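Listed below, chain by chain, are the residues.
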4 protein chains.
Amino acid sequence: MTTKVKVAIIGSTGYGGVELIRLLASHPLAEVTSVISSSSAGTPITEGYPHLTSIREELLDDVEPAAIKAKADVVFLATPAGVAAKLVPQLLEAGLKIIDLSGDFRLKSPALYEQWYKKPAAGEEYLQKAVFGLAEIYGDRVTDVPFVSNPGCYPTATLLGLVPAVKEGWIDPATIIIDAKSGVSGAGRGASLGTHYSELNENFKAYKLNQHQHIPEIEMVLSDAAGQPVVTTFSTHLVPMTRGIMSTMYANVVGGRTTQDFIDLYRSYYEGRRFVRIRPEGQWPTTKEVWGSNYCDIGFAVDARTGRVTIVSVIDNLVKGAAGQAIQNLNLMMGWDETLGLQFVPAYP
Amino acid sequence: MTTKVKVAIIGSTGYGGVELIRLLASHPLAEVTSVISSSSAGTPITEGYPHLTSIREELLDDVEPAAIKAKADVVFLATPAGVAAKLVPQLLEAGLKIIDLSGDFRLKSPALYEQWYKKPAAGEEYLQKAVFGLAEIYGDRVTDVPFVSNPGCYPTATLLGLVPAVKEGWIDPATIIIDAKSGVSGAGRGASLGTHYSELNENFKAYKLNQHQHIPEIEMVLSDAAGQPVVTTFSTHLVPMTRGIMSTMYANVVGGRTTQDFIDLYRSYYEGRRFVRIRPEGQWPTTKEVWGSNYCDIGFAVDARTGRVTIVSVIDNLVKGAAGQAIQNLNLMMGWDETLGLQFVPAYP
Amino acid sequence: MTTKVKVAIIGSTGYGGVELIRLLASHPLAEVTSVISSSSAGTPITEGYPHLTSIREELLDDVEPAAIKAKADVVFLATPAGVAAKLVPQLLEAGLKIIDLSGDFRLKSPALYEQWYKKPAAGEEYLQKAVFGLAEIYGDRVTDVPFVSNPGCYPTATLLGLVPAVKEGWIDPATIIIDAKSGVSGAGRGASLGTHYSELNENFKAYKLNQHQHIPEIEMVLSDAAGQPVVTTFSTHLVPMTRGIMSTMYANVVGGRTTQDFIDLYRSYYEGRRFVRIRPEGQWPTTKEVWGSNYCDIGFAVDARTGRVTIVSVIDNLVKGAAGQAIQNLNLMMGWDETLGLQFVPAYP
Amino acid sequence: MTTKVKVAIIGSTGYGGVELIRLLASHPLAEVTSVISSSSAGTPITEGYPHLTSIREELLDDVEPAAIKAKADVVFLATPAGVAAKLVPQLLEAGLKIIDLSGDFRLKSPALYEQWYKKPAAGEEYLQKAVFGLAEIYGDRVTDVPFVSNPGCYPTATLLGLVPAVKEGWIDPATIIIDAKSGVSGAGRGASLGTHYSELNENFKAYKLNQHQHIPEIEMVLSDAAGQPVVTTFSTHLVPMTRGIMSTMYANVVGGRTTQDFIDLYRSYYEGRRFVRIRPEGQWPTTKEVWGSNYCDIGFAVDARTGRVTIVSVIDNLVKGAAGQAIQNLNLMMGWDETLGLQFVPAYP
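Model, not experiment: these values are computed from the prediction.

A. Structural detail: helix α10 (residues 259-269) of chain C. All names here are of chain C. For α10, the full list of buried residues reads T259, F262 and Y266. The arc that holds every buried residue of α10, seen down its axis, measures 60°, which confines them to one face. Away from its buried face, by an angle of more than 90 degrees, α10 presents the exposed residues Q260 and S268. Where the residues of α10 are buried, they touch α7 (153-168), β11 (276-278), β12 (296-303) and β13 (308-315).

Below is the structure:
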């Protein structure tokens, strides 16, 4: 009989945390042994999440590194910006493996973090230690490392859609424009006018234009792929739906490539990576077609009239954009098949 | 190594059919070997359902009993009213086990079927042969039978909420009023003004008052539980959401029972049945708390002022109300644990 | 040229307040001369409500009775429970006419108010002074009075659907069951988990069963209509939409009346009242069919099998259920045609 | 007493038609004297649109030019592509003034029409006769003409957001990228999988990339403003909501203009035009902030890092994008104030 890897979740009462609970419930080699919440420690998680009735009835644990280590081998951090920066040193010290779903360790420059996040950065030593786990691009760097920084939701959809073309020099990186749209769950469970039903339903809004904290994360990877600094226009919009992100991306095509050329390039680039699905010509993915699953689906349209390509990339922001990719990183860290426990069929309709 | 039971799905391009595909994809003892659609035979199922890209790429089969038998042991029928009535005799003849998700074999009286469905009934011999598979009530009748008729979505939510109280004589069956609400997916994938987005969004409507074809199915089981004929008021409403049913039910309480009495009775009645979850006092389940799962959650409120109990019962109409309960019936027919392949955590939010 | 009546709105930054602004903008005989908010006084209303850009650019006033009187003749109170109780004495003192949209003055018994609202009641003298302005039932009492208490949203939909039948003795009041559903705007603009988009979208929930503070208001009017004390079962549900209320109501029919009998009775009862529309047999109104308008639409279904009638009544909770009926009461107080400034066609789709 | 201008609506049973009915119901100088539908002639419009109960109870007329002329002076055509092309010659012949809401007369080149609409074009003589009524740009051309072609919904939002900057040479027209999003009502009332609730709810999709028939209309006006041929990238997306369009537009800024420069330019360009509202720096309009109204709201964000401007423009597609602007054109044709009968406050929330 297999002994399962023991997993703890800090931030269990946020949407990222409960999604980890949902997905890990059927993982064949990992089990959640501690659900942790500093704000609700000592109460049952079913109080805030009755959908977990009879599934997880235990009380929430508090954030105590030694106690966590006694119960678990790996810890997921699904906490608001600024929290992981403080906890990670103690957790590493306690000998835990870490997968951090927040943005605290994605950027390698403290100055850049502080500019975009408006918060003190984590210690530089720890920033350097964290491996950026964009699985299909940097997955090979994750194996056997103790500390992975899980990518943001917008960057995941965006970068999986752009990296192959940028790497091959098929698009001019200076012309990239990214128009991204997200469901409301990306804003988390905190109650505010910005997440109020009556304000969002039957409404479509743009927000944080040119100011979103995912911009430097996107530019970091694009620059790496291009081999030169890339600066981009990245816009975010809120869609009246709960889950799903679409990035619609535009760039000037280099060298007269066609839609089918792009399809072929991406199919070849992502060969063997089960969670990226490249759509045939004339078909663009919709967010619902990946709902509840770890897929990232990508479609293309090259326009001969304008010489531009439009790339459409979709994910479920809570799965591939958060909890799902985090588990994919767990699988990679452990040397397991990256799809383990993640082969959910999208829930449609 | 286990040999899996081979399963075919007739009506694969309807919502019930694709939900069977989704759920069965992770079943440990069953595998889908043929997806069948009379209207789309010969085309890939991904044409109409791109979310199945890379998951099920094969072409849809046609409805040919012998060919089905060559590929499968069990067949699910997820077809519109009237279709199963015609197919079942040939499929039984071919030696297939059958689980019919339509309403064609739920009522045992041809006259009653024709009165409510406005269609010719199936042959009486076959009506008698079909076992009504309301799993938590009649599950023991299903073991080893070759032909199960899967309950309707509204009856499932309603009857699981009413049967224990009716059976025990705790409510007066003559006073039962059922106010039911459903998401739009219950109406199927057919395009009509009645399923048009702009007509349903930001709208709430009542329909088929006193005329819904699930009324006789509900009364059949209530009468059985009461030991006397029961006639009920049953109303249906359309909610601007895709999945979910709530039945809010009212009845006069007999013998001064309290909310806690009801909770205790139901917990005892459903002991050991994993898919029914009885909520504590003061908590009523919402439809999203069972979204994507096979749970039926039930809550109670006894009002001393009026002497009435209000019972709230929710399911995901495509899972517990259709494909999930059908697989539960497969499990029961095969003598397996009824929860096999069905332990999905509700997707929340 | 006509001099318009000057109107002030206290609570302008709530949904009731902005809806008053929207509706009064085209009133031929009234104009809003002061928009008031104790919490946001001194800031422009467009800060919180950019949709009013170029329409109302002035700063919000504070709540000062003398200053209000200097600017206005009539004041609408669209404030949370408990606020009007304190303000009304001063406003009456200042010589203002008052229409209170809150629940503070609807019940005539302080004890009843405190039992259901869990707050101190207004002074009994003022409770007696306030005329309950359910326009189509008690409209004649409103003419020329200085102080009107505007009915609740649920009571409006419910009572317009029940009063004629109760008054005529066509239904047994002891058997009335009211299953009500509301859009989320009824909960106001306050941010909480209970109004969070991701928690409500694709969700349907029951709440406050047997405990809603509108219960005594409904029973007050039903008792008046029946000529005897009436106790009812009243349930409330939240629908994933912004506006709209439907009350589905059940009762035992007395004397064998048919659906058409009910239609005829109600058409006769509401003759000349433009805002109540009785639907023909076989047609039940949907909430969207009154969206943005002051209509209350009502349909019927008598079931010979059960001897019960189902009555479906819909309103826009922010219009007929709040701001619209308040303006209707203004019209009645002033002796104007009750439809003045309120003849909005429902916005469909 | 004023005699009102008599107005007929062809295509009354489409969403554009019923919106004309809604808006014209309160127009001070025009009245609808005939509601026309070739498909439903002889039946009451309330059959398909119960929300018009007691508002418009008459039977639908058939499309007969002479009969229309007997009842009306002006006719609105709210018909599917291809219908107006056939009807307009007869209606002009009958002496009627025409406002055509379809795309049949917007493009001046028959070849271009046939390339993008895949239908036979209208006669070139009539194409030339039709004045393109983008009110805030070409409004002065409309006065006193007998035949106006009303702009498309996407072009209205897009062009009002781009024309001033293109005209002034503040943005490089070769770099313009338009990412547009629309609610579902833009697809009309026809039932199809593409308008099916369960397919669209909780879903966001891209469609017709580089192929939308509004592209040549947008390029026609941009070329006119630029004084040189402009080719653009224009993408369309479907948002799970009923009404509303947002165009998010990107272009390289010429000459170092700032956000405030753009705001000042647009405020000056649209001075005196009540229906365009320019938002202050840091504020971008949302679709709900114009819901049900004739406003087009525009916001800006210049990014010094990239040298690009992002322009956000929103309208209600059924009002400013169809019926509202058509009435605005009626007002202009008649020499009336363009705001007559159109001063609706947006319905928020």
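B. Just the confidence of the model for chain A, in detail. In this model, chain A carries an average pLDDT of 97, and 99% of its residues clear a pLDDT of 70 or more. Among the scores for the predicted complex, ipTM is 0.97 and pTM is 0.98.

C. The arrangement of the relation of the copies chain A and chain B in detail. Taken as rigid bodies, chain A and chain B are interconverted by a rotation of 180° and an axial shift of 0.0 Å, the fit giving an RMSD of 0.0 Å. Both copies of the chain, as the preceding transformation shows, are related through a two-fold rotation axis. If distances are taken from each C-alpha of chain A to the rotation axis, the shortest is found for A:E202, at 4.0 Å.

D. Representation of the relation of the copies chain C and chain B in the model. Once chain C is rotated about the relating axis by 180° and shifted along it by 0.0 Å, it coincides with chain B to within an RMSD of 0.0 Å. A shared binding surface is used by both copies, with 100% of the interface residues of chain C retained as interface residues in chain B.

E. Inspection of the packing of helix α6 (residues 135-142) of chain D against helix α11 (residues 319-333) of chain D at higher detail. Residues and elements named next belong to chain D. Where α6 meets α11, the axes come as close as 9 Å, and the angle between the chain directions of the two elements is 35°. Regarding α6 and α11, the two cross each other, and that crossing is right-handed. Residues A135, G139 and V142 of α6 touch α11, and the partners they reach there are Q325, Q328, N329, L332 and M333. Across the contact of α6 with α11, the residue classes break down as four nonpolar, four polar and no charged.

F. Representation of the environment of A:L342. All names here are of chain A. Locating L342 in the fold gives a position in the segment after α11 (319-334). By the C-beta count within 10 Å, which is 25 here, L342 ends up buried. The residues contacting L342, other than those within four sequence positions of it, are L23, N294, G324, I327 and Q328.

G. Representation of the sheet that holds strand β9 (residues 233-238) of chain A within the structure. Residue and element names in this part refer to chain A. One open sheet accounts for seven strands, arranged β8-β9-β7-β10-β13-β12-β11; its pairing is mixed. Each having just a single partner strand, β8 (205-207) and β11 (276-278) make up the two edges of the open sheet. Taking the axes of each pair of neighbouring strands and ignoring which way they run, one obtains an average angle of 20° across the sheet. Against the sheet, helix α10 (residues 259-269) makes contact with β11, β12 (296-303) and β13 (308-315), and its axis sits at roughly 150° relative to β12, the strand it touches most.

H. Seen up close, the sheet that holds strand β11 (residues 276-278) of chain B. Residues and elements named next belong to chain B. As summarised here, the arrangement of the seven strands in space is β8-β9-β7-β10-β13-β12-β11, forming an open sheet in which the pairing is mixed. Across the chains shown, the open sheet's two edge strands, defined by having one partner strand only, are β8 (205-207) and β11. Adjacent strand axes in the sheet meet at a mean angle of 20° when their direction is disregarded. Note that strand β7 (residues 177-182) and strand β10 (residues 245-252) share six bridges and pair antiparallel. When the sheet's bridge partners are listed, I178 is paired in β10 with M249. Taken strand by strand, helix α7 (residues 153-167) contacts β7, β9 (233-238), β10, β11, β12 (296-303) and β13 (308-315), and its axis lies near 40° from that of β10.

I. The arrangement of unusual backbone geometry in detail. Residue C:P349 is reached from C:Y348 by a cis peptide bond, and omega for that bond is 5°. Locating C:P349 in the fold gives a position in the segment after α11 (319-334). With a phi angle near 45°, A:K208 is a residue other than glycine that sits in the positive phi range. By the element assignment, A:K208 lies in the loop between β8 and α9 (215-226). Here the phi dihedral of B:N210 falls at roughly 65°; this positive angle occurs in a residue that is not glycine. As for its position among the elements, B:N210 is in the loop between β8 and α9 (215-226).

J. Molecular detail of the interface of chain A and chain B. Taken together, the contact between chain A and chain B spans 24 residues of the former and 24 residues of the latter. For the side of chain A that touches chain B, the leading source of residues is helix α1 (residues 15-24) of chain A, giving four residues.

K. Main features of the interface of chain C and chain B. On the side of chain B, 36 residues touch chain C, which itself brings 36 residues to the contact. Put simply, the parts of the chain that give the side of chain C that touches chain B at least two residues each are β7 (177-182), α8 (197-200), β8 (205-207), β9 (233-238), β10 (245-252), β12 and β13 of chain C. For the side of chain C that touches chain B, the class distribution of residues is 14 nonpolar, 13 polar and nine charged.

L. Layout of the domain arrangement of chain A. Residues and elements named next belong to chain A. For chain A, the domain assignment lists domain 1 (5-129) and domain 2 (154-317). Taking only C-alpha atoms into account, the centre of domain 1 sits 27 Å from that of domain 2. In this assembly, eight residues from domain 1 lie in contact with eight residues from domain 2. Counting residues per element, the side of domain 1 that touches domain 2 draws most heavily on helix α4 (residues 110-117), at three residues. When the residues that make up the side of domain 1 that touches domain 2 are grouped by side-chain class, the tally is five nonpolar, two polar and one charged.

M. Fine view of the pairing of strand β3 (residues 74-77) of chain C. Residues and elements named next belong to chain C. Covered by surrounding structure in β3 are V74 and F76 together with V75 and L77, the residues of both alternating faces. Bridge count for strand β1 (residues 5-10) against β3 is four bridges, and the pairing is parallel. Within β3, the residue paired with I9 across the bridge is F76. The pairing of β3 with strand β4 (residues 97-100) spans four bridges and is classified as parallel. Paired with V75 across the two strands is I98, which belongs to β4. Chirality of the crossover, the property in question, places the unit of β3, helix α3 (residues 83-93) and β4 among those that are right-handed.

N. Summary view of α11(A). Residue and element names in this part refer to chain A. The end-to-end C-alpha distance of α11, which contains 16 residues, comes to just 19 Å, noticeably less than the 22 Å that a straight helix rising 1.5 Å per residue would cover. In α11, a bend of some 45° at Q325 exceeds every other bend along the element. With respect to burial, α11 is a largely interior element, 15 of its 16 residues being buried. Just downstream of α11 lies G335, where phi reads positive at about 80°.

O. Quick peek at the pairing of β12(B). All names here are of chain B. Buried residues dominate β12, accounting for eight of its eight residues. Examined bridge by bridge, β11 and β12 share three bridges and lie parallel to one another. Within β12, the position partnered with I278 by the bridge is I298. As paired elements, β12 and β13 share seven bridges and run antiparallel to each other. Bridge pairing in β13 places F300 opposite I311. Between β12 and β13, which pair antiparallel one after the other, the connecting turn spans four residues, and G307 there sits at a positive phi close to 75°.

Definitions and limits used
Residues numbered from 1 in each chain as written. Chains lettered and ligands numbered in written order. Predicted model: local features only at pLDDT ≥ 70, side-chain atom pairs only at ≥ 80, totals over all residues. Buried ≥ 20, exposed ≤ 12 C-beta atoms within 10 Å, placed from the backbone. Helix = DSSP H or I, 4+ residues; strand = E, 2+ residues; numbered from the N terminus. Arc of directions from axis to C-beta. Contact = placed C-beta atoms within 7 Å. pLDDT = per-residue confidence, 0-100. Least-squares fit on C-alpha atoms with pLDDT ≥ 70 in both. Axes fitted to C-alpha atoms, helices over the stretch in contact; angles between N-to-C directions. Left-handed = near helix turned anticlockwise from the far one by under 90°. Nonpolar A, V, L, I, M, F, W, Y, C, P; charged D, E, K, R; others polar. Pairing = 2+ DSSP bridges. Domains from an automatic or database assignment. Right-handed = clockwise from strand over helix to strand, strands pointing away. Expected span 1.5 Å × (residues − 1). Bend = angle between axes of the 7 residues up to and from the residue.

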